[in-house]
Structures are given as C-alpha cells and as structure tokens.
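What the coordinates show
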Amino acid sequence: MQIVFGAHQTGKSTLLKELIPNPALRLDFSDPGQRSSFLSQPDQLIGICKAMPKTVEPSVVVIDEAQNVPAIFDAVQHLYDGDKPRWRFVLCGSSARKLRLLGTNLLPGRCMVSHLYPLTAAERPCIEAQALSFTPASPLPWAVLPSPLSLPTWPAVDLTTRLAWGELPGIVSVEESLRADLLRAYSMVYLAEEVRREALVKDWAAFSRFLKLAALESGQVVNYSNIAQQAGVSHPTVKSHYELLENMFIGFRVPPFSGSARKGLLSTPRFYFFDLGVRHAAAGLTPSRDTALADAGPVFEQWVGIELWKRLQYLQDGQLSFLRTKDGAEIDFVVEKGGVVTPIEVKWTERPTLSDARHLLRFLQEQGPKAPHGYIICRCAYPMQLHPQITALPWFCL
C-alpha cells in the first residue's frame, strides 16, 4: 500500500495518472457522486476488487482524496490482509488529520507514505541562473535531475514571478492573468469546503478572520494571544486552527533553534504558509508582482524558508529552525543536517557586505567546529566570499 499526501493543486492526481495510467480501478472521492456512493456503502470496494480476475501482477487500485470516505481504509485493510499479493493500493489525500487518525489501523510494514509539495527551484528553473557558469557550494544542495517520465521541464522564471504567485503546479501552469482569481478561489472556496468537511470549525466567520491574520503574519513568530484577540476566539482555538492548517498541508511551523547557550532566546515557533501565492490570497491581498514587491524583504525571506523546508521534507533528513533573542539578535534560518549546523541570513539586497553577516559570525563563533560556514541569501549577481566563513549567494544558487 502507498499513501501520497499533499495539499490541493500540488499535482498528486496528475502525477499518479502519469505513473499509473491504466489502473484496474480508479476512484476519485472529490467527485460528489462517487463520494456519496462510497460513504453510504464503503464495503462495496471489497466486492468490486474481489470481482477482478486474478493476474500474475497485482491489480492496482488508485483512490484519490481517500480521506473523504474514512471507512474506505477499513475495506482496504480487509482486502490487503486477506490476499496481499493480489492488489496494490495507492491512496491519495489532501488532509492528514483523518488519515493519521485512521492510519493507526495500517500497521507498520503495510504501507509507504510519500509527500508532494509545491515546485522546488530545481523543478522550475531560474532565469538568472543561466548566466552563471559554475556551481558554488550551497547550504542545502538540491540536484537538478531529469524526469523519470521524460516530461518537459517547467519554463524558467524570475524571482518576482515566484514571489507573486508561488510555486503550485496547478497555478503556475496557467496564464498569469488567471492566477490571481484561481488563488482567491483556492483560499475562499477550496479551503472553506475542506475545513467544513473536517467538521472541526463551527464558526466559519471567526475562522476566516483567523486565516487572514495567520496569512498576514506568515513568517513571523506566532503571537497566539494577539491573533486570538483580533479573531475573536480563544487562545486554545487559535492553536487548534494552526494545527488544522498543518494537517491540511497549508502551513508548517519552524521551531526556535535549541542548540544555543545564549540566554533570553524566544521559544515560540514561526508559522509559514506552504506557498506564497496561497498566502497572498488568504491574507486578502491580490497575488501580483506589485503585492510581492510592496513588502519584498519579508516575502523573499518566506520564499527562502519555504524552499529550505521543501528540500528537507523530500530529503527526510535534517531540521530547519531559527534563532532570535529578546533583544532582537536574529538568525533567519538554521539548517541542521548530518551533524553540521549552517546559519542562513536572508537579505533583499544586491550588494551584501560583511556588516550583514555580524549575527552569522557570532553564531559561528559560539557553535565552533560543528558550524563551519554561514550564508547570506540575497540578490547579488554572483556568489561572493565576504569572510573565510561567510559566503553571499544569489537566491538562484541556494
């Protein structure tokens, strides 16, 4: 059995159709008719599968948006336990809450879990990178590999385009003139439907206020009390709303770095929306280049954080955190991987200087041998060494 997690529009269904073009059975529980039929009679899957002729190779059954019919997992488990070699089940979902809840029935060894995220910089080339003839060291290397399906690569785009509309395949594959409306529909229609279906939110108006505030504060240290007051809900409700966004793959937390001996460190996490286009729309902003450039520094920092997070999720190795003291000293991101600690600062500048690295240098001195090098990610045209332990990297060399 294989479970594929991922937010709406990350390309799960498209990928499965490419990988498995002709399954023995394909069900899509985003379709109201199929969903209603199997909600009322989930065990019909057992009869359908047992009616399939036995073949040398296992019959493949693909179920999209499986979390919409929770009892389908019991039917899949019954079939799998009864005759493991006969079927291969691939279940796809855009919400982890019900899958995690019901996944306790899928004992270890029975299933493999994969995740799909918005496009990374390796999947969607950078126009600016085409002028660079060498590959510098990166804080988190991410190789560009050819598609195993021999599919064409995504068109190269510039930084402002990424900051404006994000990296969701379902959004960036359409004309620019249509993207803002699609992203607004994503945040207003799709999220509303999914949240209601989860049956965890009774006051949709209050949740809408929370969603807008959370999007506006994306990339910042979470202030639960402030958001609770402005949204008109309780402190525990705000926490549960953030957890719901995580379970729906709409956002993620970045915890504070725990390996520092400094006193006065903040202990509250930051929260990031998983995609900038969705973030803009959820915040009530029009996804556009003007919106991105109106607050370019923080938006750029979010893009870097999202890119680092996606890479670490795919690698399934390493930890992303940040460091901030109560007196304002800050390291935007800290990557811990393979016993090496790498601090990263993000600057919306084309001309970085050593003064931009003062917090990095202090961090490297404190951490010693386990933190050999730090990076400034910025908009410089070429990689530059600012100090034997500090390199300024163009964003496209990240």
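Residues numbered from 1 in each chain as written. Predicted model: local features only at pLDDT ≥ 70, side-chain atom pairs only at ≥ 80, totals over all residues. Heavy atoms only, no water.

1. Looking at the pairing of strand E9 (residues 330-337)
Counting buried residues in E9 gives 6 out of 8 residues, a clear majority hidden from the surface. Judged from the 5 bridges that link them, strand E8 (residues 319-324) and E9 form a sheet pairing that is antiparallel. For glutamine 319, the partnering residue across the bridge sits in E9 and is glutamate 336. Relative to strand E10 (residues 340-346), E9 runs antiparallel, the two being bridged by 5 bridges. Looking at E10, one finds that phenylalanine 333 is bridged to isoleucine 344. Count of turn residues in the E9/E10 antiparallel hairpin: 2 residues, of which glycine 338 carries a positive phi of about 60°. (Buried < 20%, exposed > 50% of the residue type's maximum accessible area, 1.4 Å probe, protein only. Helix = DSSP H or I, 4+ residues; strand = E, 2+ residues; numbered from the N terminus. Pairing = 2+ DSSP bridges.)

2. Remarks on the sheet that holds strand E12 (residues 384-387)
The strand order E8-E9-E10-E11-E13-E12 describes an open sheet built from 6 strands, whose pairing is mixed. Edge positions in the sheet fall to E8 and E12, since each has one partner strand and no second. For this sheet, the mean inter-axis angle between neighbouring strands, taken without regard to orientation, is 30°. Pairing between E10 and strand E11 (residues 374-378): 3 bridges, direction parallel. Bridging across to E11, glutamate 345 finds its partner in isoleucine 376. Relative to the sheet, helix H14 (residues 296-315) contacts E8, E9, E10 and E11, its axis offset from that of E9 by approximately 10°. Its contacts with the sheet place helix H15 (residues 358-367) against E8, E9, E10, E11, E12 and strand E13 (390-394), and it is angled at close to 170° to E10. (Axes fitted to C-alpha atoms, helices over the stretch in contact; angles between N-to-C directions. Contact = heavy atoms within 4.5 Å.)

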